[in-house]
Amino acid sequence: MNIPAHQISMTVLMSPDMANFSGNVHGGAVLKLLDQVAYACAARYSGCYAVTLSVDQVTFLQPIHVGELVTFLASVNYTGNSSMEVGIKVVAEEIRTQVVRHVNSCFFTMVAVDEARKPTAVPQLSPSTPDERRRWAAALLRKELRKEQAARFEQVRLEAAGQATG
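Notes on the structure in this doc start here.

Conventions adopted
Residues numbered from 1 in each chain as written. Predicted model: local features only at pLDDT ≥ 70, side-chain atom pairs only at ≥ 80, totals over all residues. Heavy atoms only, no water. Helix = DSSP H or I, 4+ residues; strand = E, 2+ residues; numbered from the N terminus. Buried < 20%, exposed > 50% of the residue type's maximum accessible area, 1.4 Å probe, protein only. Polar contact = N/O pair within 3.5 Å; in protein donor to acceptor, adjacent residues only side chain to side chain. Contact = heavy atoms within 4.5 Å. Phe/Tyr/Trp six-rings, centres within 6.5 Å; stacked < 30°, edge-to-face > 60°. Lys NZ or Arg CZ within 6 Å of the ring centre and 35° of its normal. Core = buried A, V, L, I, M, F, W, Y, C linked by side-chain atoms within 4.5 Å. Expected span 1.5 Å × (residues − 1). Salt bridge = Lys/Arg side-chain N within 4 Å of Asp/Glu carboxyl O.

Digging into the side chain of Glu68
With respect to the helices, strands and loops of the structure, Glu68 is situated in the loop between β2 (49-60) and β3 (69-79). Exposure remark for Glu68: the relative accessible area of 5% places this residue in the buried category. A distance of 2.8 Å separates polar atoms of two side chains, one belonging to Glu68 and the other to Arg101. Once residues within four sequence positions are removed from consideration, Glu68 is found in contact with Val12, Leu13, Met14, Pro63, Ala92, Glu93, Glu94 and Arg101.

Describing the packing of aromatic side chains
Per the stated rule, a full pass over the model turns up two aromatic pairs. Centroid distance Tyr39 to Tyr49: 5.5 Å. Interplanar angle 55°. Geometry classified as tilted. Taken together, the residues Tyr39 in helix α1 (residues 27-46) and Tyr49 in strand β2 connect sequence positions 10 residues apart. Residue class for Tyr39 comes out partly exposed when judged on its relative accessible area of 33%. By relative accessible area, which is 38% here, Tyr49 ends up partly exposed. Ring geometry for Tyr78 versus Trp136: centroids 4.6 Å apart, planes at 55°, classification tilted. A residue pair is termed long-range when its members are at least 10 positions apart, and Tyr78 in strand β3 and Trp136 in helix α2 (residues 130-165) qualify at 58 residues. Its end group placed over the ring of Tyr49, Arg117 keeps NZ or CZ at 4.3 Å from the ring centre. Sitting above the plane of the Phe107 ring, Arg142 keeps its charged end 3.5 Å from the centroid.

So, the nonpolar core
The tendency in soluble globular proteins is for nonpolar side chains to be buried side by side. Counting residues in hydrophobic clusters, the biggest one holds 31 residues, and the most contacted among them are Phe72, Val86 and Ile88. Elements supplying a minimum of two residues to this core: α1, β3, β4 (83-94) and β5 (99-113). When near neighbours in sequence (up to four residues on either side) are disregarded, Val86 contacts Ala38, Cys41, Ala42, Ala74, Ser75, Val76, Asn77, Cys106, Phe107, Phe108 and Met110.

Observations regarding α1
The end-to-end C-alpha distance of α1 is 28 Å, a good match for the 28 Å that 20 residues give at a rise of 1.5 Å each. With its phi angle positive at about 75°, Gly47 sits one or two positions after the end of α1.

Focus: the pattern of salt bridges
Using the criterion set out here, one finds nine salt bridges in the structure. Across the pair Glu144 and Lys147 runs a salt bridge whose closest N-O atoms are separated by 4.0 Å. Placement of the pair is Glu144 and Lys147 together in helix α2, with a separation of three residues, close to one helical turn. With relative accessibility at 44%, the residue Glu144 sits in the partly exposed group. When salt bridges with common partners are traced through the structure, they connect Asp131, Arg134 and Arg135 into a single cluster.

Take it as geometry only, folks, not as evidence of what the structure does.
Structure representation (structure tokens):
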């Protein structure tokens, strides 16, 4: 298999111990797997230990059922100095019928760290295909939206703090 260094694929069989009270796979079990996949993709690409900084746009499109094969398709979409955006698409396959469904998508921001757990530089991604350039541009937009949202939250926090003391 010839997968580029900035991409990874992982397939997991959904077992009964992952079920929630309705019998579907628990969202928390999926989130744990997503975090593991994001780590593996970021660490493989950067050659460093990587920690999760944020998770954006986790969208559960359809339930995942016990007994399905779930494949996580991850890609480093963007690199900063020490950070990487990892996009993950999740598809579920009903084994007997081989029907495949897109069930989840999300974006993790991972930070490469050294042995002292301090941020460390990552290799710069050079998007070369139209798909990689599209992902890069979309990641830049998400980065700007995160900055804008953080500034708005800070403004609300400061206004609330001012009202609490006034």
